[in-house]
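Coordinate inspection notes
So the chains spell out like this:
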Amino acid sequence: QIPKDPTQRWLRELAALSHQLQQVHPNVLAKILKQRTVYQNEEIVVIDKPYGLPVHGGPGIKNCIADVLPILAKMLENMKAEPLHLCHRLDKETTGVMVLARSKEAAEKIRLLFKTRQVEKIYWAIVLGDPDPVEGIVEIPIVEKEVQSHQSHYKMTLAPNYRLRREDGKVVKMRKDRSAERAVTRYRRLAAASACSLLELQPITGVKHQIRVHLAYGLGCPILGDHKYSHWSKLAPQKLPELTLRRLKLEQSKARHLPLHLHAHRLCLPLGQPLDFVCKPPHFFQKTLRKLQLDIPKD
């Protein structure tokens, strides 16, 4: 049954898209990724990762990028081609620039570039609210913790080095959490409207869910459609401001269908000469920008 309301239809299509990618034959998935190839040379293949496709397998996951790398390599080169190799990862819901390597040596070289922070990564995200200040750096360590609630689950969260003392409001150093990882994210507001902002983000470090955690818990501006990091103690759909709901023509009860609006927009790889890759935000992301009247900067 197709909903009459265009917004409902659009959200249904997105959920179906993610579901479809899990149902298709691996050959079909490899073909989709081949069509989304934005660059290739003798060392690397760069793809524009679709929404809702996991990079690695896991419970309940039938299709993932890792599994179809041998098929994709053959489609791009020939039947004798070596499987492609993963160099880095993007979350299942994140879209955009992803680099694959044609050989083990190339993969190791690129992984080292990522590890030593020589790769410049620029993300775009639509967030709720307006960061204050409008540009800056969030540098707060991140740790994984178990959330004690009626449904126990794990989440990444902040492990700050300092806190304000209740009695006198003085800044005091906290005992360091041994398992916390250093995390640094630069951010800059590109546009603001409809109780939302479009941010440009540059993660300097590469901690799991870093951007999502720094935005939600560090800046108090969770990513639109990030239902996991919009609350701490519960698993519940994101609560949206009235104005945002109105502009999206959405009821709060349907907010749970909103996809995560996080896009790997640009990646600069220093391989010999610097290689610069840009992927436009996916159709749903652009549509949301239009509905919220957030103007995409011309770059």
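How each quantity is defined
Residues numbered from 1 in each chain as written. Predicted model: local features only at pLDDT ≥ 70, side-chain atom pairs only at ≥ 80, totals over all residues. Heavy atoms only, no water. UniProt positions renumbered as here; feature names shortened; annotations may be inferred. Core = buried A, V, L, I, M, F, W, Y, C linked by side-chain atoms within 4.5 Å. Buried < 20%, exposed > 50% of the residue type's maximum accessible area, 1.4 Å probe, protein only. Helix = DSSP H or I, 4+ residues; strand = E, 2+ residues; numbered from the N terminus. Domains from an automatic or database assignment. Contact = heavy atoms within 4.5 Å. Arc of directions from axis to C-beta. Pairing = 2+ DSSP bridges. Salt bridge = Lys/Arg side-chain N within 4 Å of Asp/Glu carboxyl O. Axes fitted to C-alpha atoms, helices over the stretch in contact; angles between N-to-C directions. Parallel < 35°, antiparallel > 145°, perpendicular 65-115°, else oblique. Left-handed = near helix turned anticlockwise from the far one by under 90°.

In the annotation of an unreviewed UniProt entry, the protein is listed under the name Pseudouridylate synthase RPUSD4, mitochondrial and assigned to Tychaedon coryphoeus. A UniProt comment under Subcellular location (unreviewed entry) is attached to the protein, and it reads "Mitochondrion". Check the Sequence similarities (unreviewed entry) section of the UniProt entry for the protein; it says "Belongs to the pseudouridine synthase RluA family."

This part covers the nonpolar core. In this structure, Ile 65, Leu 84, Leu 100, Leu 201, Leu 215, Ile 223 and Leu 262 are the most contacted members of the largest nonpolar core, which totals 35 residues. Elements represented by at least two residues in this core include exactly helix H2 (26–35), strand E2 (44–49), helix H3 (65–76), strand E4 (95–101), strand E5 (120–128), strand E12 (196–203), helix H5 (210–218) and strand E13 (262–271). A total of 6 residues in this core trace back to one element, the largest contributor, which is H3. Here this core spans two domains, since at least three of its residues come from each of domain 1 (1–116) and domain 2 (120–268 + 281–292). Leu 14, Ile 126, Leu 250 and Leu 294 belong to the second largest nonpolar core, which has 22 residues in total.

Glancing now at the side chain of Arg 102. Its location among the elements puts Arg 102 in the loop between E4 and helix H4 (104–115). What Arg 102 contacts, discounting residues up to four positions off in sequence, is Gln 40, Asn 41, Glu 42, Glu 43, Ile 44, Val 45, Glu 77, Glu 82, Pro 83, Leu 84 and His 85.

On to helix H7 (residues 283–291), then. Where H7 is concerned, the buried positions are Phe 284, Phe 285, Thr 288 and Leu 289. All buried residues of H7 fall inside an arc of 145° around its axis, so they share one side. Away from its buried face, by an angle of more than 90 degrees, H7 presents the exposed residues His 283 and Arg 290. Gln 293 occupies a position one or two residues after H7 and carries a positive phi of about 60°.

Attention now moves to the pairing of E4. The buried fraction of E4 is high, at 7 of 7 residues. Examined bridge by bridge, E2 and E4 share 6 bridges and lie antiparallel to one another. Looking at the pairing, Ile 44 lines up with Ala 101 of E4. Here 2 bridges tie strand E3 (residues 85–86) to E4, and the two strands are oriented antiparallel to one another. Residue Leu 86 lies in a different strand from E4, and its bridge partner there is Leu 100. Bridging between E4 and E13 involves 2 bridges; their strand directions are parallel.

Relative to the helices and strands, Pro 222 resides in the loop between H5 and helix H6 (242–248). Considering only alpha carbons, one finds Pro 222 and Leu 294, 72 residues apart in sequence, at a separation of 17 Å.

According to UniProt, the feature "domain: Pseudouridine synthase RsuA/RluA-like" (unreviewed entry) maps to residues 44–216 in the numbering used here. For residues 44–216, the helix share is 18%, the strand share is 38%, and the end-to-end C-alpha distance is 34 Å.

Applying the stated rule across the entire model yields 13 salt bridges. Two residues, Arg 89 and Asp 91, come together in a salt bridge whose shortest N-O distance is 3.9 Å. Under the relative-accessibility criterion, Asp 91 is labelled buried at 14%. Measuring nitrogen to oxygen at the nearest pair gives 3.5 Å for the salt bridge that ties Glu 139 to Arg 182. Here Arg 182 lies in the loop between strand E10 (171–173) and strand E11 (184–193) and Glu 139 lies in strand E6 (residues 135–139), a separation of 43 residues in the sequence. Via salt bridges that share partners, Arg 89, Asp 91, Arg 212 and Asp 226 belong to a single interconnected network.

What follows is about the packing of H2 against H3. Packing of H2 against H3 leaves a shortest axis separation of 8 Å and a crossing angle of 65°. As the angle between them shows, H2 and H3 are arranged roughly perpendicular. Where H2 crosses over H3, the handedness of that crossing is right-handed. Taken together, the residues of H3 that come into contact with H2 (itself represented by Pro 26, Asn 27, Leu 29, Ala 30, Lys 31, Leu 33 and Lys 34) are Ile 65, Val 68, Ile 71, Leu 72, Met 75 and Leu 76.

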